[in-house]
Amino acid sequence: MMMKSFLICLCLLPAFSFAQDASNMIPQQSAVKDTSRQTDLIDIAKDVFHINPKKPRIQREKKIYFSILPIPGAVPGGAGRALITSTTAGTYLGPQSTTNLSSANFAPYWNLHTRFGLPLRSSIWLKDNTWNIQGDIRFLRYPQYTWGLGSGNDYSEKTLVDYNYVRFYQSALKRITPYFFAGGGYNIDYRSSIKSDDPAVDLKQFTGYNYGTGGSSVSSGINLSLLYDTRNNSINPLPGSYFNLVYRVNPAFMGSNDSWHSLYLDYRKYVPMNPANKNQQNTLAFWSYFWTVLGGNAPYLDLPSIGWDPYNRSGEGIDQNRYRGRSLFYLESEYRRDITTNGLLGFVAFANVNTVSGSGTIFKSWHPAAGTGLRVKFNKGSNTNIGIDYAFSKGYNSIILNVGESF
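Report follows, based on the coordinates. (Residues numbered from 1 in each chain as written. Predicted model: local features only at pLDDT ≥ 70, side-chain atom pairs only at ≥ 80, totals over all residues. Heavy atoms only, no water.)

## Here's the deal with a nonpolar patch on the surface
Step number 1: Nonpolar side chains collect at one region of the surface, where F106, W110, L112, F116, L118, L120, F139, V166 and Y190 lie side by side and expose about 810 Å² of accessible area between them.
Step number 2: Tallying contributions element by element places strand β7 (residues 116–125) first for the nonpolar patch, with three residues.
Step number 3: Relative to the assigned elements, L112 resides in the loop between β6 (109–110) and β7.
Step number 4: The class of L112 is exposed, set by a relative accessible area of 56%. (Patch = residues over 30% accessible without salt bridge, like charges linked within 9 Å, V, L, I, M, F, W, Y side chains within 5 Å. Areas by Shrake-Rupley, 256 points an atom, 1.4 Å probe, with all protein chains shown as cover. Salt bridge = Lys/Arg side-chain N within 4 Å of Asp/Glu carboxyl O. Helix = DSSP H or I, 4+ residues; strand = E, 2+ residues; numbered from the N terminus. Buried < 20%, exposed > 50% of the residue type's maximum accessible area, 1.4 Å probe, protein only.)

Here is the structure:
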């Protein structure tokens, strides 16, 4: 009964947001945006190298904005140190007054040995937001720790799982009404050479799960998606709302090892604390998602897990894959504020909590984390920040570097 009530409330959230935003049906940006009063790292580089532009930088239509950040860092899940290069590109494919910013992110990593990843994610908005085309392509040699199902194991009770991973997701959503889209696409997850790095550990026995814990696993199927999005910049969302429902079916006749399906509900809300001053970041942001598998034969590595949301941004302060189960509920709140009046520096403070169902019931055990971070404006044309966050939870802490906001 609790689960049914929760799903009903979550499904009604976009209706409430639509009522709040219905009076504002045009993206909150002008066709030509003057950013001459703001400062970013590009401006600082011009000053250092004495590059003097002939006129103030103005955000013009169809210009491409790049943000590149090569950094050494730790790959989530136990791959150790690696060289990571995160490249984010944004552009407008139509008038900026009626078209959202399209974005693509390519973040390859390599640890100079056998660990590597080539992930490419994109969200393309066609002219006047008539279509939204979403893509997620990954080629990974990806080790990650696992703690089994649920949250009963201590942090030290883990084993490193190694595997090769190929993902291809592609969806197209058609605008039905302003801000509301519907469509679908194709998803495939293929994993091979699944095994524990410790030859003495039997992964099936360690996890207590029979599917996808040895050899390989294939999940291939179609998805149906509903999207409600009043944001106009996914790299650094401005005030607005976001709701996404994805129902995925993985039948055996399409190549899946077993037939199973899943439901993913994602809701986000951005509340301006000082709406009169649009040039200063002062925002409360909220994010919640519910993810569950339906049917008993989903492969182990396809089960809902913290940090495995579509953009791998949830659970800052918690080791990726720390909690895995048949259902997962996640909630995060974040306060974003500029430090300097020119927008160059800012800060965030955040807290999140999650709960998963293993062999028991969801909402029984909660796992909190919190943190804070610095923001440096990399490119004011696309409003892209470099984020440096410190986050912690019980028994774990980390420093996270990102291009763009967590959500």
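## Notes on empty space enclosed by the protein
Step number 1: As enumerated under the stated definition, the model contains three cavities of 30 Å³ or more in all.
Step number 2: Its volume calculated, the second largest cavity comes out at about 80 Å³.
Step number 3: Forming the walls of the second largest cavity are 15 residues, and the residues nearest its centre are Q281, D338, G346, R375 and N385.
Step number 4: Contributing elements (two or more residues each) for the lining of the second largest cavity: β16 (327–338), β17 (345–357) and β18 (367–379).
Step number 5: Of the residues assigned to the lining of the second largest cavity, the class counts are five nonpolar, four polar and six charged. (1 Å grid on protein atoms, 1.4 Å probe; cavity = no way out; pocket = protein on both sides within 12 Å on 5 of 7 lines; lining within 4 Å. Points joined across faces, edges and corners; volume = space filled by probe spheres on them. Nonpolar A, V, L, I, M, F, W, Y, C, P; charged D, E, K, R; others polar.)

## As for the environment of N129
Step number 1: Following the sequence through the fold, N129 ends up in the loop between β7 and β8 (131–141).
Step number 2: By relative accessible area, N129 is classed as buried at 7%.
Step number 3: Spatially, the C-alpha atoms of N129 and T98 are 7.0 Å apart, while their sequence positions differ by 31 residues.
Step number 4: Here N129 is in contact with T98, T99, N100, R175 and F181, once residues within four sequence places are set aside. (Contact = heavy atoms within 4.5 Å.)

## Observations regarding the side chain of N383
Step number 1: Position of N383 among the secondary structure elements: in the loop between β18 and β19 (384–393).
Step number 2: Not counting the four nearest positions on each side in its chain, N383 is found in contact with N233, N236, L238 and K377.

## Digging into the pattern of salt bridges
Step number 1: With the rule as written, the count across this model stands at twelve salt bridges.
Step number 2: Across the pair R268 and D266 runs a salt bridge whose closest N-O atoms are separated by 3.0 Å. Accessibility classification places R268 together with D266 in one group, the buried group.
Step number 3: For E334, the salt bridge identified is with R336, shortest N-O distance 2.7 Å.
Step number 4: Overall, E334 belongs to the buried group, its relative accessible area being 1%.
Step number 5: Taking relative accessible area as the criterion, R336 reaches 2% and is therefore assigned buried.

## Overview of the pairing of β18
Step number 1: Taken together, the ten bridges between β17 and β18 define a ladder with antiparallel strand orientation. Directly across from V353, in β18, lies its bridge partner P368.
Step number 2: Between β18 and β19, which follow one another and run antiparallel, lie four residues, and N383 among them has a positive phi close to 60°. (Pairing = 2+ DSSP bridges.)

## Regarding the packing of aromatic side chains
Two aromatic rings, taken as a pair, are described by how far apart their centres are and by the angle between their planes.
Step number 1: Per the stated rule, a full pass over the model turns up 22 aromatic pairs.
Step number 2: Ring geometry for Y209 against Y300: centres 6.0 Å apart, planes inclined by 50°, an arrangement best described as tilted. Of the two residues, Y209 sits in the loop between α3 (203–207) and β12 (215–229) while Y300 sits in the loop between β15 (282–294) and β16, which places them 91 residues apart along the sequence.
Step number 3: Residue Y209 is classed as buried on the basis of its relative accessible area of 8%.
Step number 4: The exposure class assigned to Y300 is buried, which follows from its relative accessible area of 1%.
Step number 5: An angle of 35° between the planes, with centres 6.2 Å apart, marks the rings of Y270 and F407 as tilted. Residue Y270 is found in strand β14 (residues 260–272), and its partner F407 is found in the segment after β20 (396–403); the two are separated by 137 residues along the sequence. Neither Y270 nor F407 differs from the other in exposure class; each is buried.
Step number 6: Members of the aromatic cluster, connected to one another through ring pairs, are Y264, Y270, W287, Y289, W291, Y330 and F407. (Phe/Tyr/Trp six-rings, centres within 6.5 Å; stacked < 30°, edge-to-face > 60°.)

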